[in-house]
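Structural features, examined
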Amino acid sequence: MNAIQMILVVIVAFLAGMEGILDQFQFHQPLVACTLIGLVTGNLTLGVMLGGSLQMIALGWANIGAAVAPDAALASVASAIILVQGGQGQKGIGTAIGIAIPLAVAGLFLTMLVRTISVAIVHIMDKKAEEGNWRAIDLWQYIALALQGLRIAIPAALLLAIPASLVRQGLEAMPQWLNDGMTIGGGMVVAVGYAMVINMMANREVWPFFAIGFCLAAIKELTLIALGGIGLSMALMYLALEGSGKNNGGNGDNSGSGDPLGDILDDY
Amino acid sequence: MAETAKKENKITLTKSDRWKVCWRSTFLQGSWNYERMQNGGFAYSMIPALRKLYPNKDDMKSALKRHLEFFNTHPYLTSPILGVTLALEEDRANGADVDNQTINGVKVGMMGPLAGVGDPVFWYTVRPIIGSLGASLALSGNVLGPILFFVLWNVIRIAFLWYTQEMGYKAGTKITEDASGGLLQKITRGASMMGMFVIGALIERWVSINFKPVVSKVPLSKGAYIDWNAIPSGAQGIHKVLTEWNMGNGLALDKVKETTLQNNLDSLIPGLAALLLTFLCMWLLKKKVSPIVIIIAIFIVGIAGHVVGLF
């Protein structure tokens, strides 16, 4: 990796770090972050494949309520750097993911740290508001955001500082059973994200949808888009039928039409 | 309050002002903190509008302070709240009797129910669906996977931010009356249904467990397997074997039929092991086991299981 590539990797890491808190453009999602690191280091295909594998694991990772999810930003960036530096090609994907997971945990502590520092920053904002100084509030908003970027950019730079030969030696010293075992673990660990999603959404009403989805998925001819179409149609049918039942004097359900928001939506 | 602004020179927020606020709301969570959460970002987002509405410095001070109060909701569902707040601030700047309490009351009243809509719709339905679509393409190295994910997500996101903010702005306070029920509730329920459907499918497709232990070995009768001694060598032989094997639908490759534990489980229903693993994870999560602990434990089980020949 030459100096320009390293700088580009750190920039991607910075973007991923900012997005890790903003959650808007999704630069922190493995699919995007790993691809970009693959792109700037000349390993596009490898980055895309790593991103795909890691995305599957990170699908259900979201910070909601008390459940703290591992940090996708650091996991993506670190595993992509290790994969590129290790030079093992596709063979190294399983191992890179295995190493990424503990780093995702480390990322959590860093984000907690920055979120605590931001408490001090909003107190500065309070003072500036007292003076009516909106420019300073803008500035401190950007500073807080930049800290979140550095949270990933600094570890990425440290990883880059480790010579590639050392990464390679370390990876080669790993026995085959450990590599295979990590790949197997990576295939199973996907379940955790899904379990988090289900725990958040499940109620009596939606379980049948889950069961139908699970059973239909065994038909391999149905692509994900096709399955999405079936799921959407069923949800729409369910809600429509429920509404018509009410119009025919069904048991009292207080949802339905006649709401002001619906009228606004119709105007669009 | 805003004595300078009388009816004849009414200050209105133009589309470009509103777009500036919408763009700034992208950075809403930049100063997310444990004390007042998204307060800094909300004030930051409102600044272009506040500057226009309150040229008087004292008005600006109190407006900035007003929007540095506690605020937290789903980052995208902040847009309708910003829209309503813009409408309220505009009325206030034009002399209407809108006090701090009204504005904060509206903000706080909307953030709870709207957060409840955002999580299932965006994090648990749209992102898993678009993400798994992109990831399934990316697994084979197809660069369209990440591009599709990135473009599709951002088109949906930006359209959502802009149109719900406009909706909030035009509806003013009317939107709050609906926030607790009706349409929003329906959208949330519909999204949960579709989300659960897709999650069910994804578990079958993408959670991979392969139990290696052999449960039974049944010797096959002659004629049910390929007689390797009768196969000619060279290309002709390969042709004959492939014809007899017939993509697994014809003769068996070996004399003995091995049934692994995985085969047995899959004959009950494909993906059963993956489903059971997911239920185990759900149970552990409900027992307040940290997801990180579960993830690391699964890796350890995977490695240990592989060493002893289970996987």
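Per-chain numbering applies: the sequence of each chain, read as written, is numbered from 1 onward. Labels follow written order: the first chain is A, the first ligand is 1, and so on. It should be noted that, the model being predicted, local features are given only for residues of pLDDT at least 70 and side-chain atom pairs only at 80 or more, the latter also being counted only at that level, while totals for whole chains, interfaces and linings use all residues. To obtain the side-chain values, all non-hydrogen atoms of the structure were included, while hydrogens and water were left out.

The name recorded for chain B in an unreviewed UniProt entry is PTS system mannose-specific IID component, from Lactobacillus colini.

Selection criterion: UniProt positions are given in the numbering used here, feature names are shortened, and annotations may be inferred rather than shown by experiment.
Under an unreviewed UniProt entry, the name given to chain A is PTS system mannose-specific IIC component, and the organism recorded is Lactobacillus colini. Taken from UniProt, the Subcellular location (unreviewed entry) comment for chain A reads in full: "Cell membrane".

**Section: the packing of helix 4 (residues 72–86) of chain A against helix 5 (residues 93–130) of chain A**
All names here are of chain A. Test applied: Convention adopted: a line fitted to C-alpha atoms gives each axis, helices being fitted over their contacting stretch, and angles between N-to-C directions are expressed from 0 to 180 degrees. Put simply, DSSP H or I for four residues or longer makes a helix, DSSP E for two residues or longer makes a strand, and each gets a number counted from the N terminus. Should the near helix be turned anticlockwise from the far one by less than a right angle, the crossing is left-handed, and should it be turned clockwise, the crossing is right-handed. Should any heavy atoms of two residues lie within 4.5 Å, those residues are counted as being in contact. Amino acids outside the nonpolar list (Ala, Val, Leu, Ile, Met, Phe, Trp, Tyr, Cys, Pro) and the charged list (Asp, Glu, Lys, Arg) are all regarded as polar, and Gly is one of them.
Two numbers describe how helix 4 lies on helix 5: the axes approach to 8 Å, and their chain directions differ by 140°. Considering only the axes of helix 4 and helix 5, their crossing is right-handed. Counted together, Leu74, Ala75, Ala78, Ser79, Ile82 and Leu83 of helix 4 and Ile93, Ala96, Ile99, Ala100, Leu103, Ala104, Ala106 and Gly107 of helix 5 form the full contact between these two elements. Here the residues of the contact of helix 4 with helix 5 sort into 12 nonpolar, two polar and no charged.

**Quick notes on the nonpolar core**
Put simply, the rule reads: We define a nonpolar core as any set of buried Ala, Val, Leu, Ile, Met, Phe, Trp, Tyr and Cys residues linked to one another through side-chain atoms lying within 4.5 Å. Here the term buried applies to any residue with accessible area under 20% of the maximum for its type, exposed to any over 50%, and partly exposed to those in between, with areas from a 1.4 Å probe on protein chains only.
Counting residues in each nonpolar core, the largest one holds 151 residues, and the members touching the most others are Tyr194 of chain A together with Ile203 and Val207 of chain B. With 16 residues, helix 5 (residues 100–138) of chain B is the single largest residue contributor to this core. Val207 of chain B has contacts with Gly187, Met188, Val190, Ala191 and Tyr194 of chain A together with Leu202, Ala274 and Leu277 of chain B, leaving out every residue within four places of it along the chain. By size, the runner-up hydrophobic cluster in this structure holds eight residues, among which are Met18 of chain A together with Phe27, Met37 and Tyr44 of chain B.

**Quick word on the confidence of the model for chain A**
Low pLDDT marks regions whose predicted coordinates should not be analysed in detail. Residue and element names in this part refer to chain A. Our working definition: One confidence number per residue, pLDDT, is output by the predictor and ranges from 0 to 100.
Per-residue pLDDT for chain A has a mean of 86; in total, 89% of the residues score no lower than 70. Looking across chain A, the model is least confident in helix 11 (residues 260–267), with a mean pLDDT of 49, and most confident in helix 2 (residues 30–40), with 96. Confidence drops under a pLDDT of 50 for residues 249–263, and excluding neighbours within four residues, the segment shows 19 contacts in the predicted structure.

**What about the interface of chain A and chain B?**
Just so we agree on the cut-off: What counts as buried area is the accessible surface, traced by a 1.4 Å probe, that two parts surrender upon association, with contributions from both included. Salt bridges, as used here, are contacts in which a Lys or Arg side-chain nitrogen is within 4 Å of a carboxyl oxygen on Asp or Glu. In protein, a polar contact requires one atom able to donate a hydrogen and another able to accept it; more generally it is a pair of N or O atoms within 3.5 Å, and residues adjacent in sequence count only if both atoms are side-chain atoms.
Counting from both sides, the interface comprises 114 residues of chain A and, opposite them, 109 residues of chain B. Here chain A and chain B share an interface that buries about 10300 Å² over both sides, 74% of which is from carbon and sulfur atoms. The largest per-residue losses of area from chain A upon contact with chain B belong to Gln24, Met188 and Phe214 of chain A, which jointly make up 8% of the total buried on that side. Our enumeration of links across chain A and chain B arrives at seven salt bridges. At the junction of chain A with chain B, the criterion picks out 27 residue pairs in polar contact (both at pLDDT 80 or more). In terms of residue count, helix 8 (residues 176–201) of chain A provides more of the side of chain A that touches chain B than any other element does, 22 residues in total. Here the residues of the side of chain A that touches chain B are counted per class, giving 73 nonpolar, 30 polar and 11 charged.

**Some thoughts on the UniProt feature "transmembrane region" (unreviewed entry) in chain A**
Residue and element names in this part refer to chain A. UniProt records the feature "transmembrane region" (unreviewed entry) at residues 30–52, 64–84, 96–122, 142–162 and 182–202, using the numbering of this structure. Here residues 142–162 is 95% helix and 0% strand, with 30 Å between the C-alpha atoms at its ends. Structurally, residues 182–202 is divided into 95% helix and 0% strand, and its ends, taken at the C-alpha atoms, are 30 Å apart.

**Structural notes on helix 4 of chain A**
All names here are of chain A. Inclusion rule: The span one expects for a helix is its residue count, reduced by one, times 1.5 Å.
With 15 residues, helix 4 extends 21 Å from end C-alpha to end C-alpha; this agrees with the ideal 21 Å at 1.5 Å per step. Within helix 4, 15 of the 15 residues are buried, leaving the element largely enclosed by the surrounding structure. Residue Gly87 follows helix 4 closely and has a positive phi angle near 65°.

**As for the environment of Leu239 of chain A**
Tracing the backbone shows Leu239 of chain A in helix 10 (residues 224–247). The contact partners of Leu239 of chain A, leaving out residues within four places of it in the chain, are Lys186, Arg189, Gly190 and Met193 of chain B.

**Here we look at the packing of aromatic side chains**
Under the convention used in this document: Planes of paired rings set the category: under 30 degrees apart is stacked, over 60 is edge-to-face and the rest tilted, where pairs are Phe, Tyr or Trp rings (Trp by its six-membered ring) whose centres lie within 6.5 Å. Charge-over-ring placement is defined geometrically: NZ (Lys) or CZ (Arg) within 6 Å of the ring centre, and within 35 degrees of the ring normal.
This structure, assessed with the given rule, holds 19 aromatic pairs over all chains. Relative to Phe279 of chain B, the ring of Phe210 of chain A lies with its centre 6.4 Å away and its plane at 40°, an arrangement referred to as tilted. With one member in each of two chains, Phe210 of chain A in helix 9 (residues 207–216) and Phe279 of chain B in helix 11 (residues 272–286) form a pair that bridges those chains. The exposure class assigned to Phe210 of chain A is buried, which follows from its relative accessible area of 4%. Take Phe279 of chain B: its relative accessible area is 33%, and that puts it in the partly exposed class. The structure contains a cluster of three or more aromatic residues connected by ring pairs, namely Phe25 and Phe27 of chain A together with Trp23, Phe27 and Phe150 of chain B. The lysine or arginine in question, Arg115 of chain A, covers the ring of Trp32 of chain B, its NZ or CZ lying 4.4 Å from the ring centre.

**Section: the UniProt feature "transmembrane region" (unreviewed entry) in chain B**
Residues and elements named next belong to chain B. The residues that UniProt annotates with the feature "transmembrane region" (unreviewed entry) are residues 143–163, 267–285 and 292–310. In residues 143–163, the share of helix is 95% and the share of strand is 0%. The end C-alpha atoms are 31 Å apart. Between the first and last C-alpha atoms of residues 292–310 the distance is 24 Å; the span itself is 89% helix and 0% strand.

**Observations concerning the domain arrangement of chain B**
Worth spelling out the cut-off: For each domain, the first and last residues come from an automatic or database assignment.
Segmentation of chain B into domains returns domain 1 (2–206) and domain 2 (214–307). Put simply, the middle of domain 1 of chain B and the middle of domain 2 of chain B, counted by C-alpha atoms, are 49 Å apart.

**Remarks on helix 8 of chain A**
Residue and element names in this part refer to chain A. Under the convention used in this document: One axis is fitted to the seven residues ending at the residue and one to the seven starting there. The bend at that residue is the angle between these axes.
For helix 8, which comprises 26 residues, the first-to-last C-alpha distance of 40 Å matches the rise-based estimate of 38 Å (1.5 Å per residue) to within 8%. At Gly187, helix 8 is deflected by roughly 30°, the largest bend along its length. Taking burial as the measure, the 26 residues of helix 8 include 19 buried ones, the bulk of the element.

**Remarks on a nonpolar patch on the surface**
All names here are of chain B. Which entries qualify depends on this criterion: Only residues whose relative accessible area exceeds 30% and that take part in no salt bridge are eligible for patches, with like-charged residues grouped when within 9 Å of each other and nonpolar side chains (Val, Leu, Ile, Met, Phe, Trp, Tyr) grouped when within 5 Å. The protein chains shown are the only cover counted for residues, whose accessible areas, like all others here, come from Shrake-Rupley with a 1.4 Å probe.
Taken together, Leu137, Leu144, Ile147, Leu148, Val151, Leu152, Val155 and Ile156 make up a surface patch of nonpolar side chains, about 630 Å² in accessible area. With seven residues, the single largest contributor to the nonpolar patch is helix 6 (residues 144–171). Looking at the element boundaries, Ile147 is found in helix 6. With relative accessibility at 44%, the residue Ile147 sits in the partly exposed group.

**Brief notes about unusual backbone geometry**
Residues and elements named next belong to chain A. Positioned with a positive phi, Asp23 is a non-glycine residue whose angle comes to about 60°. Following the sequence through the fold, Asp23 ends up in the loop between helix 1 (3–22) and helix 2. Overall, the relative accessible area of 13% leaves Asp23 in the buried class.

**Topic: the side chain of Asn33 of chain B**
Position of Asn33 of chain B among the secondary structure elements: in the loop between helix 1 (15–24) and helix 2 (39–53). Among the polar contacts listed, one links the side chain of Asn33 of chain B to the backbone oxygen of Ser31 of chain B, at a separation of 3.0 Å. In this structure Asn33 of chain B touches Arg115, Ser118, Val119 and Val122 of chain A together with Asn39 of chain B, once residues within four positions along its chain are discounted.

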